[in-house]
Amino acid sequence: MNNKTHSSDCQITNVEFARGVVGDDPILAEDKPNIVVAGRSNAGKSSVINRLLGRQLARTSSTPGKTQEINFFSIDAAAYLVDLPGYGYAKLPAARAEKLRKQMIWYLARSGAPIKLLLLVLDVRRGSKGLDRDLLDIASGEGIPVVIVANKIDKCNQKERVAALRALAEDVTSHPETVKQVLPFSAIKGTGKDELCKIIKSIYAN
Ligand code: GTP
Ligand code: MG
């Protein structure tokens, strides 16, 4: 527990790794909201989760494409934060990339898991590309609300930040019902952490 954090800061205090899933699993049938973290490999999904939870629970790495399982973290015994394997890593063998893509679509559209929110983590300097947009289409089709987490904002100067966020705003325009918000974020500095924490808590807390 971090005593230095100001008491008004949003906190998810009760956190534990539940399990890693590769296919059908009883955890998918549990009646707990799934809050999914998805995005390109190396966009910073695991770092965002660790920043949110205030602990180094999700494995981060400098080697993209490491996370292969769908990792379920139990939060406040009330919901699951779900870390999806990253997509779009160019050096991943095509067959494995395709398997991961299918696994992602299966989880989002066919697993029956009660998915209440998708956090699409993007490297803000790279914007959204092919599979990011496919993911927005899938979320749209499934009626899953999306918050775009514009991560690595610490790497932008003011001018780059404005340009990058303007470009991302177009994703909201193209999926107006689905994308609820574009949230500037830095897993390294903590920018946006409090707001994201509140968004997540609003899904499961009264
Ligand atoms: P996969 O699991 O391989 O899909 O990657 P991931 O999306 O989980 O990315 P991960 O959290 O492992 O982060 C990838 C790299 O980006 C690491 O070197 C992180 O330290 C770095 N990183 C993540 N978030 C930020 C951020 O907000 N700012 C900066 N500067 N670096 C970041
Ligand atoms: Mg990861």
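Please refer to the structure higher up on the page.
Residues numbered from 1 in each chain as written. Chains lettered and ligands numbered in written order. Predicted model: local features only at pLDDT ≥ 70, side-chain atom pairs only at ≥ 80, totals over all residues. Heavy atoms only, no water.

**Brief notes about the environment of Arg126**
In step 1: Relative to the helices and strands, Arg126 resides in the loop between strand 5 (115–123) and helix 3 (130–142).
In step 2: Distance from Arg126 to Lys152, taken between C-alpha atoms, is 10 Å for residues 26 residues apart in sequence. (Helix = DSSP H or I, 4+ residues; strand = E, 2+ residues; numbered from the N terminus.)

**Focus: the packing of helix 2 (residues 94–110) against helix 3**
In step 1: Across the interface, helix 2 lies against helix 3 with an axial gap of 10 Å and an inter-helix angle of 20°. As the angle between them shows, helix 2 and helix 3 are arranged roughly parallel. For the pair helix 2 and helix 3, the crossing hand works out as right-handed. In contact with Arg101, Met104, Ile105, Leu108 and Ala109 of helix 2, helix 3 contributes Leu131, Leu135, Ile138 and Glu142. (Axes fitted to C-alpha atoms, helices over the stretch in contact; angles between N-to-C directions. Parallel < 35°, antiparallel > 145°, perpendicular 65-115°, else oblique. Left-handed = near helix turned anticlockwise from the far one by under 90°. Contact = heavy atoms within 4.5 Å.)

**Side note on the nonpolar core**
In step 1: If you look at the biggest cluster of nonpolar residues, it comprises 34 residues, and the most contacted ones within it are Phe72 and Tyr107.
In step 2: Contributions of two or more residues to this core are made by strand 2 (34–39), strand 3 (70–75), strand 4 (79–83), helix 2, strand 5, helix 3, strand 6 (146–151) and helix 4 (158–174).
In step 3: Ignoring any residue separated from it by four or fewer positions in sequence, one finds Tyr107 in contact with Leu28, Asn34, Val36, Ile70, Phe72, Val82, Leu84, Ala113 and Ile115.
In step 4: Counting 28 residues, the second largest nonpolar core, distinct from the first, contains Val15, Ala43, Ala58 and Ile75. (Core = buried A, V, L, I, M, F, W, Y, C linked by side-chain atoms within 4.5 Å. Buried < 20%, exposed > 50% of the residue type's maximum accessible area, 1.4 Å probe, protein only.)

**Thoughts on the sheet that holds strand 7 (residues 179–184)**
In step 1: Taken together, the seven strands give an open sheet; going across it, the order is 1-3-4-2-5-6-7, and neighbouring strands pair in mixed fashion. The sheet is open, and its two edges are formed by strand 1 (15–21) and strand 7, each paired on a single side. Along the sheet, successive strands turn relative to each other by an average axial angle of 20°, direction set aside.
In step 2: In the sheet, strand 6 pairs with strand 7 via five bridges, with the strands oriented parallel. In the sheet register, Val149 faces strand 7, and the bridge partner there is Leu183.
In step 3: Where helix 3 meets the sheet, its contacts fall on strand 2, strand 5, strand 6 and strand 7, and the angle it forms with strand 5 comes to roughly 165°.
In step 4: Sitting on the sheet, helix 4 is in contact with strand 5, strand 6 and strand 7, with an inclination near 165° to strand 7. (Pairing = 2+ DSSP bridges.)

**Points about helix 2**
In step 1: Given a rise of 1.5 Å per residue, 17 residues ought to cover 24 Å, and the 23 Å separating the end C-alpha atoms of helix 2 matches this to within 8%.
In step 2: Those residues of helix 2 that are buried lie in contact with strand 1, strand 2, strand 3, strand 4, strand 5 and helix 3.
In step 3: Remark: Gly112 follows helix 2 within two positions and exhibits a positive phi of approximately 85°. (Expected span 1.5 Å × (residues − 1).)

**Side note on unusual backbone geometry**
In step 1: Of note, the phi angle at Asn42 is positive, near 80°, even though the residue is not glycine.
In step 2: Its place among the elements puts Asn42 in the loop between strand 2 and helix 1 (45–53).

**Let's talk about the pattern of salt bridges**
In step 1: The full count for this structure, using the stated rule, is nine salt bridges.
In step 2: Residue Arg125 is joined to Asp123 by a salt bridge in which the shortest nitrogen-to-oxygen separation is 2.9 Å.
In step 3: You can call Arg125 partly exposed: its relative accessible area is 46%.
In step 4: The exposure class of Asp123 is buried, given its relative accessible area of 7%. (Salt bridge = Lys/Arg side-chain N within 4 Å of Asp/Glu carboxyl O.)

**Side note on the packing of aromatic side chains**
In step 1: All told, the structure shown has three aromatic pairs when counted by the stated rule.
In step 2: With centroids separated by 5.6 Å and ring planes inclined at 75°, the aromatic side chains of Phe72 and Tyr80 adopt a geometry described as edge-to-face.
In step 3: Ring centres of Phe72 and Tyr107 lie 6.2 Å apart, and the angle between their planes is 90°; this geometry places the pair in the edge-to-face category. Of the two residues, Phe72 is situated in strand 3 and Tyr107 in helix 2; the sequence distance between them amounts to 35 residues. Of the two residues, Phe72 and Tyr107, neither departs from the other in class, the shared state being buried.
In step 4: Three or more aromatic residues link up through ring pairs in this structure, and these residues are Phe72, Tyr80 and Tyr107. (Phe/Tyr/Trp six-rings, centres within 6.5 Å; stacked < 30°, edge-to-face > 60°.)

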